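If you want the building blocks of each chain, they are given just below.
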Amino acid sequence: MLLTTTPNIEGHKILEYKGIVLGETVIGANAWKDLKASLTNFFGGRSGAYEEAFVNARNEAEAELIDTAKKLGANAVIGIDYDYETLGEGNAMMMVSISGTAVVAEGL
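Parameters and conventions
Sequence order as written defines residue numbering, which begins from 1 separately in each chain. Where totals are concerned, whole chains, interfaces and linings use all residues; where local detail is concerned, this predicted model gives features only for residues with pLDDT of at least 70, and gives and counts side-chain atom pairs only at 80 or more. Only hydrogens and water are removed before side-chain values are computed, so all heavy atoms of the structure are retained for them. In what follows, salt bridge is the name for a side-chain nitrogen of Lys or Arg lying within 4 Å of a carboxyl oxygen of Asp or Glu. Under the scheme applied here, a residue whose accessible area is under 20% of the maximum for its type counts as buried, over 50% as exposed, and between as partly exposed, the area being computed with a 1.4 Å probe on protein chains only. Counting from the N terminus, the helices are the DSSP runs of H or I reaching at least four residues and the strands are the DSSP runs of E reaching at least two. Whether two residues are in contact is decided by their heavy atoms, any of which lying within 4.5 Å being enough. Whenever two N or O atoms come within 3.5 Å, that pair is a polar contact, provided that in protein one can donate a hydrogen and the other can accept it, and provided that, for residues adjacent in sequence, both atoms are side-chain atoms. In these notes, a set of buried Ala, Val, Leu, Ile, Met, Phe, Trp, Tyr and Cys residues joined through side-chain atoms within 4.5 Å is what counts as a nonpolar core. For two strands to count as paired, DSSP must find a minimum of two bridges between them. A residue counts toward a patch only above 30% relative accessible area and without a salt bridge, and it is joined to like-charged neighbours within 9 Å or, for Val, Leu, Ile, Met, Phe, Trp and Tyr, to nonpolar neighbours within 5 Å. Only the protein chains shown count as cover for residues, with accessible areas throughout obtained via the Shrake-Rupley method and a probe of 1.4 Å.

Engineer: Got a sec to walk through the pattern of salt bridges? Specific residues and values, please.
Structural biologist: Under the definition given, this model contains two salt bridges. Glu16 is paired through a salt bridge with Lys18; the nearest N and O atoms lie 3.0 Å apart. Classification of Glu16 as partly exposed rests on a relative accessible area of 38%. Residue Lys18 is classed as partly exposed on the basis of its relative accessible area, which comes to 29%.

Engineer: Describe in detail the environment of Thr4, supporting the description with residues and values.
Structural biologist: Residue position: Thr4 is located in the loop between strand E1 (2-3) and strand E2 (14-28). Classification of Thr4 as buried rests on a relative accessible area of 17%. Distance in space between the C-alpha atoms of Thr4 and Thr101 is 9.8 Å, their sequence separation being 97 residues. Not counting chain neighbours up to four residues away, the residues in contact with Thr4 comprise Ile9, Val77, Ile78, Gly79 and Ile80. Within the structure, the side chain of Thr4 is placed 2.8 Å from the side chain of Thr6, a separation counted as a polar contact.

Engineer: An account of the nonpolar core is needed here, citing residue identities and associated values.
Structural biologist: By size, the foremost hydrophobic cluster in this structure holds 14 residues, and its most contacted members are Val21, Leu65, Ala69, Val77, Val96 and Ile98. Contributing elements (two or more residues each) for this core: E2, helix H2 (48-71), strand E3 (76-87) and strand E4 (93-105). The biggest single contributor to this core is H2, with five residues. In contact with Ile98, other than residues within four places in its own chain, are Val21, Leu22, Gly23, Arg58, Ala61, Glu62, Leu65, Ile80, Asp81 and Tyr82. Within the second largest apolar cluster, six residues are counted, among which are Ile9, Ala76, Val103 and Ala105.

Engineer: Help me get a handle on the sheet that holds E4, residues and values and all.
Structural biologist: The strand order across the open sheet formed by four strands is E1-E3-E4-E2, and the pairing between neighbours is mixed. Since the sheet does not close on itself, it has two edges, and those belong to E1 and E2, each with one partner. In terms of strand pairing, E3 meets E4 through ten bridges, oriented antiparallel. Across the sheet, residue Asp83 finds its bridge partner in E4, namely Ser97.

Engineer: Lay out the pairing of E3 in plain terms, naming residues and giving numbers.
Structural biologist: As defined by bridge partners, E1 adjoins E3 across two bridges and the pair is classed as parallel. Within the sheet, the bridge partner assigned to Leu2 lies in E3 and is Ala76.

Engineer: Explain the side chain of Ser97 to me, using residue names and the numbers behind them.
Structural biologist: Position of Ser97 relative to the elements: it lies in strand E4. Ignoring any residue separated from it by four or fewer positions in sequence, one finds Ser97 in contact with Gly23, Glu24, Asp81, Tyr82 and Asp83.

Engineer: A description of a nonpolar patch on the surface should follow, citing residues and the corresponding values.
Structural biologist: Taken together, the side chains of Val26, Leu87 and Met93 define a hydrophobic patch exposed on the protein surface, amounting to about 220 Å² of accessible area. Following the sequence through the fold, Leu87 ends up in strand E3. With a relative accessible area of 32%, Leu87 lands in the partly exposed category.

These results come straight from atomic positions and should not be treated as a statement about function.
Structure representation (structure tokens):
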């Protein structure tokens, strides 16, 4: 499954538009990640715990998007947009939302 943020696929004709597809996931922060992140914030550097959580959330949302596109008979998703939002009391949760247009492209 080809995923692209562009509105077309260079060198490949779009044969059919299957519709808009979404992938969403919500993850919660926990006390351990918060403690590690606060130490990183104090001493400087990157927060590996939160970065790993972001990557896992994005991967889950992408997997859902791909699964939905495959069920529609698509072989690519174009015009993908990633959105990250914080939710809940104290912004303790994060939502990753991915949307795009499922298509059938020639030659994929």
